[in-house]
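In case you want the letters, here they are:
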Amino acid sequence: MSVILGYKAEDKLYLAADNRISEKDGTFIRNNERKIIEINSHLAVAFAGNAGTQALFGEFVKGLKNAKDFKIEDILLNINAMFMSLKINKDREYAINILNSSSYFIVAGKDKNNDNGIYAVSYVNGKLGDTKTEMILFPPLGADMQTCSNIYVKNIHMFPQNFLQKTVKEISDICNTVSPSCDIWTYNFVTDNSSMEHFS
């Protein structure tokens, strides 16, 4: 499993995700996967866990005609609808694969009140849940949550200009299912602009 992170600063929202795809047993597949989907200029979603979940969600988003106007609540409803659809189609191989594994999302952007926020969403043991937060890290499979959290907090305080890149790199040093490279989505809610950058 990947590492994904979300952070709300005074004037910005951040999402970060490494680029490695690996099998459940840690077998390397590739290092060039984009795990953040930009929904519109003020909303994005980062993924970890079952890669099929991200692919299916990407198909859901492509079919939406008004995604440019979407807010956080719309994405949360669509994630819920996606899992309901999977349960309806629970006999199909792709649905079995997703429903029998864990999936994690971080949704960041504007909500219906035009407030800016981050939601951590998880599908674990057949249950879907979400929580509003200002800082989140979903650690990779096999890595200790406390160790990863300590790295994250340390880098926020010591390296405020590049804490996300440093966190992903340091977690990749202790976990072979994480690449040292990452993508970072930034939404500046003062200027109402977002950007996506890749860091090697």
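Basis of the calculations
Residues numbered from 1 in each chain as written. Predicted model: local features only at pLDDT ≥ 70, side-chain atom pairs only at ≥ 80, totals over all residues. Heavy atoms only, no water. Buried < 20%, exposed > 50% of the residue type's maximum accessible area, 1.4 Å probe, protein only. Helix = DSSP H or I, 4+ residues; strand = E, 2+ residues; numbered from the N terminus. Pairing = 2+ DSSP bridges. Contact = heavy atoms within 4.5 Å. Expected span 1.5 Å × (residues − 1). Arc of directions from axis to C-beta. 1 Å grid on protein atoms, 1.4 Å probe; cavity = no way out; pocket = protein on both sides within 12 Å on 5 of 7 lines; lining within 4 Å. Points joined across faces, edges and corners; volume = space filled by probe spheres on them. Nonpolar A, V, L, I, M, F, W, Y, C, P; charged D, E, K, R; others polar. Core = buried A, V, L, I, M, F, W, Y, C linked by side-chain atoms within 4.5 Å. Salt bridge = Lys/Arg side-chain N within 4 Å of Asp/Glu carboxyl O.

Description of the pairing of strand 6 (residues 43-49)
Here is step 1: For strand 6, the buried fraction is high: six of the seven residues fall into the buried class.
Here is step 2: In this structure, strand 5 (residues 36-40) lies alongside strand 6, joined through four bridges in antiparallel fashion. By the bridge assignment for strand 6, E38 is matched with A44.
Here is step 3: Linking two consecutive strands that pair antiparallel, namely strand 5 and strand 6, is a turn of two residues.
Here is step 4: Pairing of strand 6 with strand 7 (residues 103-110), which is carried by seven bridges, proceeds in the antiparallel orientation. Across the sheet, residue A44 finds its bridge partner in strand 7, namely A108.

Digging into the environment of S172
Here is step 1: Of note, S172 is situated in helix 5 (residues 163-174).
Here is step 2: C-alpha of S172 to C-alpha of R20: the two residues are 152 residues apart in sequence and 9.8 Å apart in space.
Here is step 3: With sequence-adjacent residues up to four places away left out, S172 is seen in contact with V178, S179 and P180.

Describing the environment of S200
Here is step 1: By the element assignment, S200 lies in the segment after strand 12 (193-199).
Here is step 2: Look at S200 and you get exposed, because its relative accessible area is 83%.
Here is step 3: Along the sequence, S200 and D183 sit 17 residues apart, while their C-alpha atoms lie 8.8 Å from each other.

Topic: helix 4 (residues 145-158)
Here is step 1: Over its 14 residues, helix 4 runs 20 Å from end to end, which matches the ideal 20 Å to within 8%, given 1.5 Å per residue.
Here is step 2: Of the residues making up helix 4, those classed as buried are C148, I151, Y152, N155 and I156. With its buried residues spanning 130 degrees around the axis, helix 4 presents them on a single face. Exposed side of helix 4, more than 90 degrees from the buried face: H157 and M158 are the residues found there.

Looking at the side chain of N78
Here is step 1: Mapped onto the elements of the fold, N78 is located in helix 2 (residues 72-88).
Here is step 2: Apart from the residues lying within four places of it in its own chain, the contact partners of N78 are F60, L64 and F70.

Quick look at the layout of surface pockets
Here is step 1: For the second largest pocket, the calculated volume is near 190 Å³.
Here is step 2: Lining the second largest pocket are K12, Y14, P160, Q161, N162, F163, L164, Q165, I184, T186, E197 and F199.
Here is step 3: Only strand 2 (12-18), helix 5, strand 11 (182-188) and strand 12 provide two or more residues apiece to the lining of the second largest pocket.
Here is step 4: The element contributing the most residues to the lining of the second largest pocket is helix 5, with three residues.
Here is step 5: Taken together, the residues that form the lining of the second largest pocket break down as six nonpolar, four polar and two charged.

Side note on the nonpolar core
Here is step 1: Counting 25 residues, the largest nonpolar core has I39, F57, I75, F83 and V107 as its most contacted members.
Here is step 2: Examining the composition of this core, we find that seven residues originate from one element, helix 2, more than from any other.
Here is step 3: Within the second largest apolar cluster, 19 residues are counted, among which are Y152, V168, V178 and C182.

Examining the pattern of salt bridges
Here is step 1: Across all of its chains, the model carries nine salt bridges by this definition.
Here is step 2: One salt bridge connects K62 with E59, and the closest N-O pair in it is separated by 3.4 Å. Remark: E59 and K62 occur in helix 1 (residues 51-62); sequence separation between them is three residues, near one turn of the helix. Each member of the pair, K62 as well as E59, is classed as exposed.
Here is step 3: A salt bridge links D74 to K112; the nearest nitrogen and oxygen atoms lie 3.1 Å apart. Of this pair, D74 sits in helix 2 while K112 sits in the loop between strand 7 and strand 8 (116-124), and the two are 38 residues apart along the sequence.
Here is step 4: A relative accessible area of 14% means that D74 is categorised as buried.

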